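Descriptive structure summary
Residue-level listing of the chains:
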Amino acid sequence: QHNPHWWGNRNTIVHLFEWKWSDIAQECESFLGPRGFAGVQVSPVNENIISAGRPWWERYQPISYKLTTRSGNEEEFGDMVRRCNDVGIRIYVDVLLNHMSGDFDGVAVGTAGTEAEPRKKSFPGVPYTAQDFHPTCEITDWNDRFQVQQCELVGLKDLDQSSDWVRSKLIEFLDHLIELGVAGFRVDAAKHMASEDLEYIYRSLSNLNIDHGFPHNSRPFIFQEVIDHGHETVSRDEYKDLGAVTEFRFSEEIGNAFRGNNALKWLQSWGTGWGFLPSGQALTFVDNHDNQRDAGAVLNYKSPRQYKMATAFHLAYPYGISRVMSSFAFDDHDTPPPQDAQERIISPEFDEDGACVNGWICEHRWRQIYAMVGFKNAVRDTEITGWWDNGDNQISFCRGNKGFLAFNNNLYDLSQDLNTCLPAGTYCDVISGSLIDGSCTGKSVTVNENGYGYIHIGSDDFDGVLALHVDAKV
Ligand code: QV4
């Protein structure tokens, strides 16, 4: 279940973290479709506990499988899926199969009004009772398989997926979403569930809904959140044949490289050469909603210059199933999404350039990022050729004879003739500008008969990357 069911030549997923369904529907029609995105990962759709101050992470504490959250209700969800599918954008849902909510004093009331008593492991909205869960214990040793898979991740009541009842409820929930037209799932905390149990669940799912344009017998796309830094007892390899797996080493290493901790020249062997999963099994990202909040190697929107370079490399190098993060501004781990005085999530607003202004970051609307989504579409199915580097932090490469990328992460200029592998002509650098009505608003590069062009990326240029492709020929 590794096929994401993309339309045409599209190939990038965006995670619209905490967005409302009605806003996503609108975004599919007005922005994602026209810009050639392939799909959206949406926040959890089922009812969750309500936490004081409404941190984003309350949505990782389910109460029932009713489809009402701060993002909207079932009707709005269904409307979004239909409208997005209509413009060729697939929807992937973040699903919580591992657990229900953590402790809560007394009776909790969820986002759909359902009551539960998490301390007693009583969730009448499903229903689940204590016997549907593993006995309570804490994970203290992350290399102990029993603890990782049968104890509670941060105190979240741990479902027993070997039980027929639990399996049937999870399958019913996922099938309901398939019926509504989704293309697949991000499986949260997959590492905390036995792969045999997941295999049973995935195999039992319905085919995708043909009324939403999926071919007969299409299987739901599955990508599993397994954090594996290498040498872990529960490894990514146990899951990779069931569906794609999040490749966290990609995120850490690309952050390291573009932060300058590792010379860019080493990226020549990027991908499996770095010990990553085979390309078709790896869900890749520069940052995700968890690790963007941790200090460390991982880059996020707060280091825009490096972040844009890393994203350009991510989308230009032919490796992995790419996902782009779209964040809201945060100060700390608990910062809620943009919300009003009644704690309702607010809709993104845009300035005249289309950038988000009211607390939403919308990296996917940064020109340097959406332009690379277009680049990836334009060069699809080509190989990487013509690698060049200066032995340090300046590199360039081609994608067949359809695209060319150059990076300068040194403190001095890159100025020289380089092989772009492109047919002769003048190309618009889609990073520094755009091709509008046949003229380029940024740098232009003239490519000669031999495929060479003069490339300049000053060390103090606004962006440290330059990208040319055949769909942006002046
Ligand atoms: C607290 C204590 C615990 C204690 C517990 C007891 O910290 O030590 O056992 O109380 O009641 C929130 C709070 C957390 C609190 C917990 C339970 O932050 O302090 O525990 O609730 O009340 C998200 C957030 C978590 C959040 C959780 C549930 O990141 O902070 O916890 O949602 O709301 C590992 C896993 C990996 C996981 C990653 C974070 O292998 O699977 O940790 N990633 C996924 C999601 C992530 C999500 C979860 C899993 C849980 O990507 O966003 O956690 O669904 O690496």
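Note: the structure precedes this text.
Reading the values: rules and limits
- Residues numbered from 1 in each chain as written.
- Predicted model: local features only at pLDDT ≥ 70, side-chain atom pairs only at ≥ 80, totals over all residues.
- Heavy atoms only, no water.
- Axes fitted to C-alpha atoms, helices over the stretch in contact; angles between N-to-C directions.
- Helix = DSSP H or I, 4+ residues; strand = E, 2+ residues; numbered from the N terminus.
- Parallel < 35°, antiparallel > 145°, perpendicular 65-115°, else oblique.
- Contact = heavy atoms within 4.5 Å.
- Nonpolar A, V, L, I, M, F, W, Y, C, P; charged D, E, K, R; others polar.
- Disulfide = S-S within 2.5 Å.
- Near = heavy atom within 4 Å.
- Polar contact = N/O pair within 3.5 Å; in protein donor to acceptor, adjacent residues only side chain to side chain.
- Areas by Shrake-Rupley, 256 points an atom, 1.4 Å probe, with all protein chains shown as cover.
- Buried < 20%, exposed > 50% of the residue type's maximum accessible area, 1.4 Å probe, protein only.
- Salt bridge = Lys/Arg side-chain N within 4 Å of Asp/Glu carboxyl O.
- Core = buried A, V, L, I, M, F, W, Y, C linked by side-chain atoms within 4.5 Å.

The contact between helix α1 (residues 21–35) and helix α2 (residues 74–86) brings their axes to 8 Å, and the two run at 10°. With respect to α2, the element α1 is oriented roughly parallel. Taking contact as the criterion, the partners of Trp21, Ile24, Ala25, Gln26, Cys28 and Glu29 in α1 are, on α2, Glu76, Phe77, Met80, Arg83 and Cys84. When its residues are assigned to classes, the contact of α1 with α2 shows seven nonpolar, one polar and three charged.

Summed over the entire model, instances satisfying the criterion amount to five disulfides. There is a disulfide in this structure between Cys398 and Cys421, and the S-S distance comes to 2.1 Å. Disulfide Cys398-Cys421: torsion about the S-S bond near 70°, hence right-handed. Taken together, the residues span a long stretch of sequence, with Cys398 in strand β12 (residues 394–399) and Cys421 in the loop between β14 (414–419) and β15 (425–428) at a distance of 23 residues.

Surveying the vicinity of the ligand reveals 19 residues, the closest of which are Trp57, Asp188, His192, Glu225 and Asp290. The contact in question runs from an oxygen atom of the ligand to an N or O atom on the side chain of Glu225, over 2.7 Å. For the ligand, whose accessible area on its own is 940 Å², the fraction buried by protein is 70%. Considering only residue class, the shell around the ligand consists of nine nonpolar, six polar and four charged.

Bringing the environment of Asn450 into the picture now. Within the secondary structure layout, Asn450 lies in the loop between β18 (444–447) and β19 (452–457). You can call Asn450 exposed: its relative accessible area is 61%. On a C-alpha basis, the gap between Asn450 and Val154 in space is 59 Å, while along the polypeptide they are 296 residues apart.

Within the structure shown, the criterion is met by 24 salt bridges. A salt bridge links Glu232 to Lys191, with the shortest nitrogen-to-oxygen separation between them at 2.7 Å. With Glu232 in the loop between β7 (221–224) and β8 (244–246) and Lys191 in the loop between β6 (184–187) and α5 (195–204), the pair connects residues that are 41 residues apart, well separated along the chain. Looking at Lys191, the relative accessible area reads 5%, which means it is buried. One network of salt bridges, in which partners are shared, links Asp94, Arg186, Asp188 and Glu225.

Our next topic: the nonpolar core. Core analysis: the largest hydrophobic core is formed by 130 residues, its most contacted members being Phe77, Phe185, Phe258 and Phe407. Not counting residues within four places of it along the chain, the set of residues in contact with Phe185 comprises Val93, Val95, Leu174, Leu177, Ile178, Leu205, Pro220, Phe221, Ile222 and Phe223. One finds Ala406, Leu422, Tyr427 and Leu468 within the second-largest nonpolar core, a separate group that totals 15 residues.

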